[in-house]
Amino acid sequence: MAEALIFASAQPVSESFIAERVAKGVDIRAILGRLKAFYALRGVNLVQVGDYWAFRTAPDLSFFIRADDTEFRKLSRAALEVLAIIAYHQPVTRAEIEDIRGVQTSRGTLDVLMEAGWVRFRGRRRTPGRPVTLGTTRDFLDHFGLEDVRDLPGLEELKGAGLLSGRIPPGFNIPVPLTQDDFAEDEDPITQMDLEELGLLPPGGPGDE
């Protein structure tokens, strides 16, 4: 039943959704663990994204089924920088992003990341002005094959992949972001009313996940 529920869904399925539909007392995590192991060496894998699960093409076969006429939209360097800052520093405000980058961040750059479904408004700082905080989404984890945001590559992994310059400043380190559902001590969850007041959501519209 768990296998069928995940297979039939176009989106990752939560453990709680599965638990509501199978016999009470069943160890859902154990069942999913066995399914994950069963599919590990097959053409499709069962992958975990937080407490959600989905079937995905095995990474070493994804090139084989990719359509030749698929149009890939590359992110600009600015969008990549902003996405990386949000991913590693979340929860982070727009002002903090600009402070890290040293330049202003256009609304269009954030719009691109939100349209991709990778970035969301997640909370508000308990500081003057109550600025909105940004974080990554479950779709971000799913797209990049991460189970948790803390699975992002660390300093040594980035250096090994050639993604960091050899001239790294002394004391440079990569922060460990909060998990998707954790809030910082100075952060409150964002509400639909907040989004409407800030003009980030039409009145009566649905909130971001």
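Everything numeric here is computed off the predicted structure, so don't read it as measured data.

Rules of the game
Residues numbered from 1 in each chain as written. Predicted model: local features only at pLDDT ≥ 70, side-chain atom pairs only at ≥ 80, totals over all residues. Heavy atoms only, no water. Helix = DSSP H or I, 4+ residues; strand = E, 2+ residues; numbered from the N terminus. Buried < 20%, exposed > 50% of the residue type's maximum accessible area, 1.4 Å probe, protein only. Contact = heavy atoms within 4.5 Å. Areas by Shrake-Rupley, 256 points an atom, 1.4 Å probe, with all protein chains shown as cover. Salt bridge = Lys/Arg side-chain N within 4 Å of Asp/Glu carboxyl O. Phe/Tyr/Trp six-rings, centres within 6.5 Å; stacked < 30°, edge-to-face > 60°. Lys NZ or Arg CZ within 6 Å of the ring centre and 35° of its normal. Pairing = 2+ DSSP bridges. Polar contact = N/O pair within 3.5 Å; in protein donor to acceptor, adjacent residues only side chain to side chain.

Engineer: Break down the overall build of the protein chain for me, citing the residues and quoting the values.
Structural biologist: Of the regular secondary structure elements, the protein chain holds 10 helices and 7 strands. Burial statistics for the protein chain: of 209 residues in total, 33% are counted as buried. Considering only residue pairs separated by 6 or more positions, the protein chain has 53% of its internal contacts joining residues 24 or more positions apart. Approximately 13300 Å² of the protein chain is accessible, and the part contributed by carbon and sulfur atoms is 55%.

Engineer: Quick one: what's the story with the pattern of salt bridges, residue by residue and with numbers?
Structural biologist: Counted according to the given criterion, the structure contains 14 salt bridges. One salt bridge in this structure joins Lys 36 and Glu 147, with 3.9 Å as the shortest N-O distance. In this pair, Lys 36 is assigned in helix α3 (residues 28-39) and Glu 147 in the loop between α8 (138-143) and α9 (155-160), connecting sequence segments 111 residues apart. For Glu 147, a relative accessible area of 33% puts it in the partly exposed group. Here Arg 122 makes a salt bridge to Glu 187, at a shortest N to O gap of 2.8 Å. Pair noted here: Arg 122 is in strand β5 (residues 119-125) and Glu 187 is in strand β7 (residues 187-189), with a separation of 65 residues, a long-range link. One network of salt bridges, with partners in common, ties together Arg 77, Glu 81 and Arg 101.

Engineer: So what's going on with the environment of Arg 120? Which residues, and what values?
Structural biologist: As for its position among the elements, Arg 120 is in strand β5. A relative accessible area of 12% means that Arg 120 is categorised as buried. A sequence separation of 18 residues divides Arg 120 from Arg 138, and the C-alpha atoms of the two residues are 9.9 Å apart.

Engineer: Residue-level account of the packing of aromatic side chains, with values.
Structural biologist: One pass over the structure, following the stated rule, counts 5 aromatic pairs. Ring centres 5.1 Å apart and planes at 90° place the aromatic pair Phe 38 and Tyr 39 in the edge-to-face group. The class for Tyr 39 is buried, based on a relative accessible area of 11%. Between Phe 140 and Phe 144 the ring centres are 5.0 Å apart and the planes differ by 50°, which places this aromatic pair in the tilted class. Taken together, Phe 7, Phe 38, Tyr 39 and Phe 55 form an aromatic cluster joined through their ring pairs. The ring of Phe 17 has Arg 21 lying over it, and the distance from NZ or CZ to the ring centre is 3.6 Å.

Engineer: Please provide a residue-by-residue account of the sheet that holds strand β1 (residues 13-14), values included.
Structural biologist: A sheet is described by the order of its strands in space; here 3 strands give the open sequence β1-β3-β2, paired in antiparallel fashion. Looking at the sheet topology across the chains shown, the edges are occupied by β1 and β2 (44-49).

Engineer: Go over the side chain of Arg 125, please, and point to the residues and values.
Structural biologist: Here Arg 125 lies in strand β5. Residue Arg 125 is classed as buried on the basis of its relative accessible area of 9%. Side chain to side chain, Arg 125 and Glu 96 meet in a polar contact 3.1 Å long. Excluding residues within four positions of it along the chain, Arg 125 makes contact with Pro 91, Val 92, Thr 93, Glu 96, Arg 130, Pro 131, Thr 133 and Asp 186.

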